[in-house]
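Listed here are the chains, written in short residue letters.
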Amino acid sequence: QVQLVESGGGLVQAGGSLRLSCATSGNIFRFDYMAWHRQAPGKQRELVAGITSGGSTNYAESVKGRFTISRDNAKNTLYLQMTSLRPEDTGVYYCNGDKVVNVEGARASSWGQGTQVTVSS
């Protein structure tokens, strides 16, 4: 069973940077789509950035230009490079991988347990 484990979170001051990592226990090519989500205090979980197996990326408008999602296939690891961090970026960041399992488009999703990012002002 594939496991996802996030790391790299922490406490930083506004304007600082962090790089989050998501290590997978299996071949990263198992996933058709991988993404980072976050859940801020008192808020719903939101998509931050996603990347397809082909390398196409998408970002939430609030992080566009500041965050970069990438994957290292050799290391079976997903990354989120975060720069120019703002207090509103605070939240628990989750790694997820989705695999389309049938022709109807149903997905099997794997989730990490999250890593806390706190940005102080």
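Residues numbered from 1 in each chain as written. Predicted model: local features only at pLDDT ≥ 70, side-chain atom pairs only at ≥ 80, totals over all residues. Heavy atoms only, no water.

Caption draft 1: Looking closely at the packing of aromatic side chains. Scanning the entire structure with this criterion turns up zero aromatic pairs. Lying across the ring of Tyr94, Arg45 places its NZ or CZ 3.9 Å from the centre. Directly above the aromatic system of Trp111 lies the positively charged group of Arg45, at a separation of 4.8 Å from the ring centroid. (Phe/Tyr/Trp six-rings, centres within 6.5 Å; stacked < 30°, edge-to-face > 60°. Lys NZ or Arg CZ within 6 Å of the ring centre and 35° of its normal.)

Caption draft 2: Fine view of the pairing of strand S1 (residues 4–7). Residues of S1 alternate between two faces, with Leu4 and Glu6 buried on one and Val5 and Ser7 left unburied on the opposite face. Bridge count for S1 against strand S3 (residues 18–24) is four bridges, and the pairing is antiparallel. Paired with Val5 across the bridge in S3 is Ala23. (Buried < 20%, exposed > 50% of the residue type's maximum accessible area, 1.4 Å probe, protein only. Helix = DSSP H or I, 4+ residues; strand = E, 2+ residues; numbered from the N terminus. Pairing = 2+ DSSP bridges.)

Caption draft 3: Looking closely at the nonpolar core. Of all hydrophobic cores here, the largest spans 25 residues; its most connected members are Trp36, Leu80, Met82 and Tyr93. Residue assignment for this core shows that the elements contributing at least two residues are S3, strand S4 (33–39), strand S5 (46–52), strand S7 (67–72), strand S8 (77–82), strand S9 (91–100) and strand S11 (115–120). If we ignore the near neighbours within four places in the chain, the residues touching Met82 are Gly16, Ser17, Leu18, Leu20, Arg66, Phe67, Tyr93 and Val117. (Core = buried A, V, L, I, M, F, W, Y, C linked by side-chain atoms within 4.5 Å. Contact = heavy atoms within 4.5 Å.)

Caption draft 4: Structural detail: the pattern of salt bridges. If you walk through the whole model with that rule in mind, you get five salt bridges. Between Arg38 and Glu46 there is a salt bridge, with its nearest N and O atoms 2.8 Å apart. Look at Arg38 and you get buried, because its relative accessible area is 4%. Residue classification places Glu46 among the partly exposed positions, given a relative accessible area of 33%. Measuring nitrogen to oxygen at the nearest pair gives 2.9 Å for the salt bridge that ties Asp98 to Arg107. Assessed through its relative accessible area of 8%, Asp98 is described here as buried. The structure contains a network of salt bridges with shared partners spanning Arg38, Glu46, Arg66 and Asp89. (Salt bridge = Lys/Arg side-chain N within 4 Å of Asp/Glu carboxyl O.)

Caption draft 5: The arrangement of the state of the cysteines in detail. Under the defined criterion, the tally for this structure stands at one disulfide. Two residues, Cys22 and Cys95, share a disulfide whose sulfurs are 2.0 Å apart. One disulfide, between Cys22 and Cys95, carries an S-S torsion of -75° and so falls in the left-handed class. Of this pair, Cys22 sits in strand S3 while Cys95 sits in strand S9, placing them 73 residues apart in sequence. Each member of the pair Cys22 and Cys95 is classed as buried. (Disulfide = S-S within 2.5 Å.)

Any functional reading would require information that these geometric values do not contain.
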